[in-house]
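An overview of the molecular structure
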Amino acid sequence: MCGIVGYVGKQKAVPLIIEGLKRLEYRGYDSAGVAVLHNGAFEVAKKIGRVTNVELQAAKQKLSGTYGIGHTRWATHGGVTDENAHPHVSSDGRIALIHNGVIENYAQIKRFLLSKNYTFKSETDTEVLCNLVAYHYAKEPVATNGDSRFVESVRKTLRHTEGTYGIVIMATDAPGELVTARKGSPLILGLGDGESLVASDVSAIVSRTQSVVYLKDGEIAHLTANSFAITTLDAGTVEPVVDKVTWSITDADMGSHSHFMEKEIFEQPTALENAMRGRFSEDGSTANFGGLNISANEFRGVDRLMFCACGTALHACMVTEHLIERFARIPVECDYASEFRYRNTPLFRNSLFFVMSQSGETIDTLAALREAKRKGYKVLAINNVVGSTIAREADGGIYQHVGPEVGVASTKAFTSQLLIGAMLALYLARMRDMSFSDGTQMVQALKGTPDLVRKALLQAPHIQNIAKRYAKATDMLFLGRLSLFPIALEGALKLKEISYIHAEGYPAAEMKHGPIALISEQCPSVFFAPNNEIFNKVVSSMQEIKARKGPIIAIITEKAELPAGLADEVIVIPECHEAVLPIVASIPVQLLSYYIAVERGCDVDKPRNLAKSVTVE
Ligand code: F6R
């Protein structure tokens, strides 16, 4: 979604803000802009398209100064135009503002402001908010509580605002000061040496400082180059907690890879090592998680689990469901977070609620978490971004520890979610019926995952060749069974989001109840056919496709023996424990989607219409 960067310090602000915006481009955007204060007036450069367009425009306009704000926009209110891009400047010229989120009562506020002779150039809710700050700023000459007038006018504005926001504001009368506030949209303060930053994502800050403060909903921060203070909407003071970011800017660089997605696919063995480090018991028979904040006893009392997430993370939940039910024999339900929040699902007295989210900012997942908490349930989060809103609002959880994931299409975050799901299944199973020796065997298998993934990655050149042959397909099916059905869903999602080929995932045997109608020489099917108890059933499904001239790409394990000539393409992955299989089987579909998208000339890291973290409903 939209990205925010604000800077006040000693350096030239525009290049720093542009660099920050480029680091946020992966979140999804359609236009961008920067604003600086010069000789008492705002100078603004805004352009649709890439951040480089704004960079050129800002250079043309000779924007300079050591203080400014910048934004990448993903349109919600109003089309993709230069005018609608942020920053917006109030019609009296005194306030400049950038905004992530949606102001729900903007129409009502706009009517009020029009009656006060404020004027509007754009169709956005943000310009309305900007003018409302200007209105309060003009009307409240003296603050009553010792706050600066600037902060007070923002506070008054936000008291009249419904919806979600992460905002950063400059005022002509307050040079060198930034005011920033959040409700529902992430904001992080960066505290540097003689400089302060604010951004919607740590990656825009970490090249300047690793000292950060995660702003909470309902908080307003006032920043200068050398100071910061946080208060609340009702003017309470806040004792800030300064955190250290544990990764550096090189972790968010592409290195020698052509795309972040490629880098992140090949990073998976290390990412998985990091996700499991220190998380097995000393006796080597179960998993250990530090931050669950629930005693083993409470866990033992749980008789039902509910998982909510969106997109790829939901597929990881579905695999986790399979593994927990298989090994721990606890009933699990998975739901789209966006559905759960309005569905009024019956929960049980001893249900335990989990959410899964790479970013920890997905608004639907956050809403599901809040709904479960409102109903009195403890909520645990499996989450990658440290300090995210979901991590902070959950009662406990498990961090994925895979570092920044920049590619919009999730890869390393997904496989680490699968690994953590498998470890959770082990942990719950060992509390119930799983024996010590089965536990140690599973631990050994899980520890071996990074090497198996390394081995699967060796197939990359072979998969690249296959991709060349199928890159012109217009439709594709992904078919798998049991724990590989969610991987079929994930394969289809990966392919469609980055290559724009229509794809569907199905349980392999379900294919004959409808999707088989799509089969033709132009519609290839990707089959998962591991060497297991239902291998022959999967082969029968393949025969049905073959009989209708559908091309088959088979992903099989080493010991699986396919009838000669059945598959047009075969990709072999190592044999592995069934808890590890979904992880290893994900690698070929990630690579296939990636290489097909590259072959089709698609913008892999920034697919059209998509955003890395979806912070609007
Ligand atoms: C697809 C993808 C999305 C996300 C979804 C949830 O590759 O990345 O489907 O999985 O938007 O995002 P998080 O995990 O950040 O909640």
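Attention here is on the structure that accompanies the text.

Unfilled space is identified by rolling a water-sized probe across the atoms. Approximately 650 Å³ is the volume found for the largest pocket. As for the largest pocket, its lining consists of 34 residues, and the residues nearest its centre are V202, W247, N384, V385 and V386. When grouped by side-chain class, the residues that make up the lining of the largest pocket number 13 nonpolar, twelve polar and nine charged. No fewer than three residues from each of domain 1 (3-245) and domain 2 (253-447) sit in the lining of the largest pocket. When its volume is computed, the second largest pocket comes out at roughly 480 Å³.

Here we come to the packing of helix α13 (residues 412-430) against helix α14 (residues 436-447). For the pair α13 and α14, interaxial distance at closest approach is 10 Å and the crossing angle is 170 degrees. As judged from the angle between their axes, α13 and α14 are roughly antiparallel. Contacts between α13 and α14 involve L419, A422, M423, L426 and R430 from the first element and F436, G439, M442, V443 and L446 from the second. A class-by-class count of the residues in the contact of α13 with α14 yields eight nonpolar, one polar and one charged.

Turning to the site of the ligand, a few remarks are in order. For the ligand, the set of nearby residues contains 13 residues, the closest of which are S357, Q358, S359, T362 and E497. Between the ligand and S410 there is a distance of 2.9 Å, counted from an oxygen atom to a backbone nitrogen or oxygen. Burial of the ligand by the protein chains amounts to 90% of its free accessible area of 400 Å². More than half of the atoms belonging to the ligand lie within 2 Å of the grid points that define the second largest pocket. Elements that contribute at least two residues to the shell around the ligand include exactly α9 (311-328) and α17 (485-499). For the shell around the ligand, the leading source of residues is α9, giving three residues. Here the shell around the ligand is built from residues that sort into four nonpolar, seven polar and two charged.

We now examine the packing of helix α3 (residues 106-115) against helix α4 (residues 125-139). The N-to-C vectors of α3 and α4 enclose an angle of 45 degrees; their axes lie 9 Å apart at closest approach. Between α3 and α4, the angle falls in the class oblique. The element α3 and its partner α4 pack so that their crossing is left-handed. Residues Y106, I109, K110, F112 and L113 of α3 form the contact with α4, whose participating residues are D125, V128, N131, L132 and Y135. Class assignment of the residues belonging to the contact of α3 with α4 gives a composition of seven nonpolar, one polar and two charged.

Looking now at the sheet that holds strand β20 (residues 475-480). Spatially, the five strands line up as an open sheet ordered β21-β20-β22-β23-β24, and their pairing is parallel. Only two strands of the sheet have a single neighbouring strand rather than two, namely β21 (502-507) and β24 (569-573). Sheet twist, expressed as the mean angle between neighbouring strand axes with direction ignored, is 15 degrees. As defined by bridge partners, β20 adjoins strand β22 (residues 525-529) across three bridges and the pair is classed as parallel.

Thresholds, definitions, all that
Residues numbered from 1 in each chain as written. Predicted model: local features only at pLDDT ≥ 70, side-chain atom pairs only at ≥ 80, totals over all residues. Heavy atoms only, no water. 1 Å grid on protein atoms, 1.4 Å probe; cavity = no way out; pocket = protein on both sides within 12 Å on 5 of 7 lines; lining within 4 Å. Points joined across faces, edges and corners; volume = space filled by probe spheres on them. Nonpolar A, V, L, I, M, F, W, Y, C, P; charged D, E, K, R; others polar. Domains from an automatic or database assignment. Axes fitted to C-alpha atoms, helices over the stretch in contact; angles between N-to-C directions. Helix = DSSP H or I, 4+ residues; strand = E, 2+ residues; numbered from the N terminus. Parallel < 35°, antiparallel > 145°, perpendicular 65-115°, else oblique. Contact = heavy atoms within 4.5 Å. Near = heavy atom within 4 Å. Polar contact = N/O pair within 3.5 Å; in protein donor to acceptor, adjacent residues only side chain to side chain. Areas by Shrake-Rupley, 256 points an atom, 1.4 Å probe, with all protein chains shown as cover. Sits in = over half its atoms within 2 Å of the grid points. Left-handed = near helix turned anticlockwise from the far one by under 90°. Pairing = 2+ DSSP bridges.

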